[in-house]
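Letter by letter, the chains look like this.
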Amino acid sequence: MNTSTSEPLADQLLQQLQGAPLAQIAAQLGIGAEQAQSAAAMAVPLLLGSMGRNAEQPQGAQALLGALQRDHMQPAAGGLDLGGLLGSVLGGGGGGAGLGGDGAAILGHILGGKRPQAEAQLGQATGLGEGAGKLLGLLAPIVMAFLAQRVRAGGMGAGDLGSLLGQEQARARSSGSPAGDLLSQVLDQDGNGRVDLGDLFKLGGSLLGGRR
């Protein structure tokens with residue numbers, strides 16, 4: 001895969017979310033479809049850009065690649081099943097365990113200490129308030145599965161993945177869009193917000209698999 005000329009990852013994923021997946025997210029958050037779409041358009045670049053920041057170092061990219069290969073690969077014959085993923089996240093082990101468990105755990109490792117600021121700023125920018133954290137928890141496993149699909153399709157190694165995410169982060173931050181501005185605000189909160197993606201390994205098979 002030519003990562004230098006491909007369509008932005010955020011745009012690709014947002015296109016796949018159109019229709020039923022976004023309707024499910026909107027229903028879960030108790031908001032309209034239009035608000036859900038605009039909120040996702042800010043949240044997805046935020047998650048991908050934060051992962052790009054974490055994967056700047058080779059060890060971070062390698063740890064992320066390992067986590068994707070271990071826990072998020074879809075069957076080769078099928079594409080990304082967003083409906084199934086959302087069902088897993090929303091249903092989890094009952095009572096929305098996906099939101100409180102896997103989604104929240106992935107989100108914590110992506111954003112680290114920046115998570116409260118990210119949720120607060122996303123909530124303010126989108127009008128979701130405290131619902132922004134719920135939205136990010138829903139989207140985090142989907143972003144991971146989406147990246148795993150790209151890794152499989154492109155035969156990417158850790159360097160390729162780090163480069164792709166780095167390009168995504170740079171493109172978002174230089175776009176001048178509200179999503180890019182939000183990403184820059186979150187990543188520039190302080191100088192020590194880098195997350196150790198090696199911690200993703202500790203989550204093991206629990207990510208999306210329901211195996212605890």
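How each quantity is defined
- Residues numbered from 1 in each chain as written.
- Predicted model: local features only at pLDDT ≥ 70, side-chain atom pairs only at ≥ 80, totals over all residues.
- Heavy atoms only, no water.
- Helix = DSSP H or I, 4+ residues; strand = E, 2+ residues; numbered from the N terminus.
- Contact = heavy atoms within 4.5 Å.
- Areas by Shrake-Rupley, 256 points an atom, 1.4 Å probe, with all protein chains shown as cover.
- Salt bridge = Lys/Arg side-chain N within 4 Å of Asp/Glu carboxyl O.
- Buried < 20%, exposed > 50% of the residue type's maximum accessible area, 1.4 Å probe, protein only.
- Core = buried A, V, L, I, M, F, W, Y, C linked by side-chain atoms within 4.5 Å.
- Expected span 1.5 Å × (residues − 1).
- pLDDT = per-residue confidence, 0-100.

Bringing the overall build of the chain into the picture now. Helices and strands together make up the secondary structure of the chain, namely 12 helices and zero strands. Along the chain, helices (α) and strands (β) appear in the sequence α-α-α-α-α-α-α-α-α-α-α-α when read from the amino end. Within the chain, counting contacts between residues at least 6 apart in sequence, those at least 24 apart form 82% of the total. For the chain, the accessible surface area stands at approximately 8,600 Å², while carbon and sulfur atoms represent 49% of it.

As a further point, take the pattern of salt bridges. Applying the stated rule across the entire model yields two salt bridges. Among the salt bridges present, the one from Glu-119 reaches Arg-115, with a minimum N-O distance of 2.8 Å. In this pair, Glu-119 and Arg-115 are both assigned in helix H8 (residues 115–126), four residues apart and thus about one turn of the helix distant. Given the relative accessible area of 21%, Glu-119 is considered partly exposed. For Arg-115, a relative accessible area of 25% corresponds to the partly exposed category.

On to the nonpolar core, then. Counting residues in hydrophobic clusters, the biggest one holds 60 residues, and the most contacted among them are Leu-17, Ile-25, Leu-135 and Leu-165. Those residues within four positions of Ile-25 in sequence are excluded, and the remaining contacts are Leu-17, Leu-86, Leu-135, Leu-138 and Leu-139.

A word on H8. Along its 12 residues, H8 runs 16 Å from first to last C-alpha, staying within 8% of the 16 Å computed at 1.5 Å per residue. On its buried side, H8 packs onto helix H3 (33–54), helix H7 (102–111), helix H9 (131–154) and helix H11 (178–187). Gly-127 sits one or two residues past H8 and shows a positive phi near 80 degrees.

Within the chain, residue pLDDT values average 79, and 74% of them lie at 70 or more. Across residues 191–212 the pLDDT falls below 50, and counting only partners more than four positions away or on other chains, this stretch makes 53 contacts in the model.

Here the focus is H7. Of all 10 residues in H7, eight are buried; the element is thus mostly enclosed. Of all the residues in H7, the buried ones are Asp-102, Gly-103, Ala-104, Ile-106, Leu-107, His-109, Ile-110 and Leu-111.

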